[in-house]
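Notes for the structure review
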Amino acid sequence: MEFLDLIRTFGALAVVIGLMVGAMYALRRWGGGWLPVAPAGQARRLSVVEQLAIDPKRRLVLVRRDSREHLLLLTAEGAIVVEAGHDA
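Numbering of residues starts from 1 in each chain and follows the order in which that chain's sequence is written. Restriction of local features to residues with pLDDT of at least 70 applies here, the model being predicted, together with a cutoff of 80 or more for giving and counting side-chain atom pairs; totals for whole chains, interfaces and linings are based on all residues. With hydrogens and water excluded, all non-hydrogen atoms of the structure serve as input to the side-chain values.

**Some words on the overall build of the protein**
Within the protein one finds one helix and four strands. Burial here depends on accessible area, computed with a 1.4 Å probe over protein chains only, as a share of the maximum for the residue type. Under 20% is buried, over 50% is exposed, and the range in between is partly exposed. Here the protein holds 88 residues, and 7% of them are scored as buried. Here a residue-residue contact requires only that any non-hydrogen atoms of the pair lie within 4.5 Å. Long-range pairs, those at least 24 residues apart, make up 1% of the contacts in the protein between residues at least 6 apart in sequence. The accessible surface values rely on the Shrake-Rupley method and a 1.4 Å probe; as for residues, cover is taken only from the protein chains in view. Accessible area of the protein: about 7700 Å², with a carbon and sulfur share of 64%. Going along the chain from the N terminus, every DSSP run of H or I of four or more residues is numbered as a helix, and every run of E of two or more is numbered as a strand.

**Points about the side chain of Glu69**
Counting through the fold element by element, Glu69 comes out in strand β3 (residues 68–74). Owing to a relative accessible area of 19%, Glu69 belongs among the buried residues under this scheme. Polar contacts, as counted here, are pairs of nitrogen or oxygen atoms within 3.5 Å of one another; within protein the pair requires one atom able to donate a hydrogen and one able to accept it, and residues that are adjacent in sequence qualify only if both atoms are side-chain atoms. Of note is the side chain of Glu69, whose polar atom sits 2.7 Å from the side chain of Arg64.

**Remarks on the pairing of strand β2 (residues 58–65)**
In regular strands, side chains alternate between the two faces of the sheet. One bridge is not enough; two strands pair if DSSP finds at least two bridges between them. Pairing geometry for strand β1 (residues 46–55) and β2, over eight bridges, is antiparallel. Bridging from a neighbouring strand, Val48 pairs with Val63 of β2. In this sheet, β3 lies alongside β2 in antiparallel orientation, the contact comprising seven bridges. Bridged to Leu62 within β3 is Leu71. Linking β2 back to β3 in an antiparallel pair, the connection comprises two residues, with Asp66 at a positive phi of about 55°.

**As for unusual backbone geometry**
Even without a glycine there, the phi angle at Asp66 is positive, about 55°. By the element assignment, Asp66 lies in the loop between β2 and β3.

**Looking at the confidence of the model for the protein**
A residue's pLDDT is the confidence the predictor assigns to it, expressed on a 0 to 100 scale. With 85% of its residues at a pLDDT of 70 or more, the protein has an overall mean of 86. Within the protein, strand β4 (residues 79–87) has the poorest average pLDDT of any element, 83, and β3 the best, 93.

**Remarks on the pattern of salt bridges**
Salt bridges, as used here, are contacts in which a Lys or Arg side-chain nitrogen is within 4 Å of a carboxyl oxygen on Asp or Glu. On inspection of all chains with the given rule, the structure shows five salt bridges. Put simply, Asp5 and Arg8 hold a salt bridge, and the shortest N to O gap is 3.5 Å. You can see Asp5 and its partner Arg8 sitting in helix α1 (residues 3–30), three residues apart, about one turn around the helix. According to the relative accessible area criterion, Arg8 is exposed, its value standing at 53%.

Next up, the structure:
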């Protein structure tokens, strides 16, 4: 294998790895909300109504379960229920 072929091979590998990392970043950043979660034909009981980024490490999320809404504070350490169980 010539030196130029070796450079091309490693360059192509770097591009593929970069595309994979970019795709993972995009899914993490903008969420995979378009991915199907509930089986086809079955009503979804859980949904994210709204979310608000407070800072890069904290986020408020309003979640609806059946007809009730719960306000959660998501942090790097875990989740905290701020307000729970109000009818929507």
